[in-house]
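Read off the chains here:
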Amino acid sequence: MRFIERYKWLMPSLCFSGALIIGRVLYTGHLTFAFLTWNLFLAVLPLYFSHKIETASTTRRGWTYAALWLLFFPNAMYIVTDLFHLRERGDVPLWYDLLLILSAALNGVVLGFISLRKMERWLISFISKRYISAVIFVILVACGYGIYLGRYERWNSWDVLANPFSLASNILYHVIHPYRNADIWMLSAAFGTWMYLVYKQLTRIRPR
């Protein structure tokens, strides 16, 4: 309950997205964007794991939660790519679907950045402040690669356990042949750079 109580201020925005999804399903009778409820749940997991790090009883347990955070972190940012599904369908106005997807995507980004900020503060205990920005950038480029794996290769976070060898083989091919997969690394770098720039701007905001 402490996790829910601490972040209950996020509930109105999440409930708004949920209400848009439910409203669409009830109005149209179709589950067109119902999958976004699952995507939002996955976006909450990085925040949960970053919260658990703060309460970890041992450093080893903290690193375990950090690994789980890194595994699920791309899910928070992945929702942005659900904008690919936006098109005129005729059953509801296009602006409704745009608002629905944008609200879910922004919730994912907010959840992801909050968890990233918590992870940054935790990592400072192990990494010099001089290098922390570089580490965050690398993490976000890796997140961009994770977004690619999810959107185009259709891998999921749990495939690390369900299909570890196939997933590892796929990743190894991309790493061994970077020039053949230049578009993949360009996408990863572009998404990573965008997320890094937005994150750094947000962390510099101070109340006046």
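This report concerns the structure included in the present document. (Residues numbered from 1 in each chain as written. Predicted model: local features only at pLDDT ≥ 70, side-chain atom pairs only at ≥ 80, totals over all residues. Heavy atoms only, no water.)

Section: the packing of helix H3 (residues 35–54) against helix H4 (residues 59–78)
Logical step 1: Running from amino to carboxyl end, H3 crosses H4 at an angle of 150°, the nearest separation of the two axes being 8 Å. The angle between H3 and H4 falls in the class roughly antiparallel. As for how H3 packs across H4, the hand of that crossing is left-handed. Across the interface between the two elements, Asn39, Leu42, Ala43, Leu45, Pro46, Phe49, Ser50, Lys52 and Ile53 of H3 pack against Gly62, Tyr65, Ala66, Leu68, Trp69, Phe72, Phe73, Asn75, Ala76 and Tyr78 of H4. (Axes fitted to C-alpha atoms, helices over the stretch in contact; angles between N-to-C directions. Helix = DSSP H or I, 4+ residues; strand = E, 2+ residues; numbered from the N terminus. Parallel < 35°, antiparallel > 145°, perpendicular 65-115°, else oblique. Left-handed = near helix turned anticlockwise from the far one by under 90°. Contact = heavy atoms within 4.5 Å.)

Quick word on unusual backbone geometry
Logical step 1: Located in the positive-phi region is Arg154, a residue other than glycine, with phi close to 65°.
Logical step 2: Within the secondary structure layout, Arg154 lies in the loop between helix H6 (129–151) and helix H7 (159–162).
Logical step 3: Exposure remark for Arg154: the relative accessible area of 52% places this residue in the exposed category. (Buried < 20%, exposed > 50% of the residue type's maximum accessible area, 1.4 Å probe, protein only.)

Considerations on the environment of Leu123
Logical step 1: Note that Leu123 resides in helix H5 (residues 94–123).
Logical step 2: With a relative accessible area of 8%, Leu123 lands in the buried category.
Logical step 3: Taking the C-alpha atoms as reference points, Leu123 and Ala43, separated by 80 residues in sequence, lie 21 Å from one another.
Logical step 4: The contacts of Leu123, once residues within four sequence positions are left out, are Trp63, Ile132, Val135 and Ile139.

Some remarks on the packing of H4 against H6
Between two packed helices, what matters for the description is the angle formed by their axes and the separation of those axes.
Logical step 1: Packing of H4 against H6 leaves a shortest axis separation of 8 Å and a crossing angle of 70°. When the interaxial angle is binned, H4 and H6 end up roughly perpendicular. Pair H4 / H6 crosses with right-handed handedness. From H4, Trp69, Leu70, Phe73, Pro74, Met77 and Tyr78 reach across to H6, where they touch Ile139, Leu140, Cys143, Gly146, Ile147, Gly150 and Arg151.

A short note on the pattern of salt bridges
Logical step 1: Using the criterion set out here, one finds six salt bridges in the structure.
Logical step 2: Arg24 serves as the salt-bridge partner of Asp97, at 2.6 Å between the closest nitrogen and oxygen. Placement of the pair is Asp97 in helix H5 and Arg24 in helix H2 (residues 11–28), with a sequence separation of 73 residues.
Logical step 3: A salt bridge links Glu120 to Arg117, with the nearest nitrogen and oxygen atoms 3.3 Å apart. With Glu120 and Arg117 both in helix H5 and three residues apart, the pair spans about one turn of that helix.
Logical step 4: According to the relative accessible area criterion, Arg117 is partly exposed, its value standing at 25%.
Logical step 5: Here the residues in one salt-bridge network are Arg6, Glu54 and Lys118, joined through shared partners. (Salt bridge = Lys/Arg side-chain N within 4 Å of Asp/Glu carboxyl O.)

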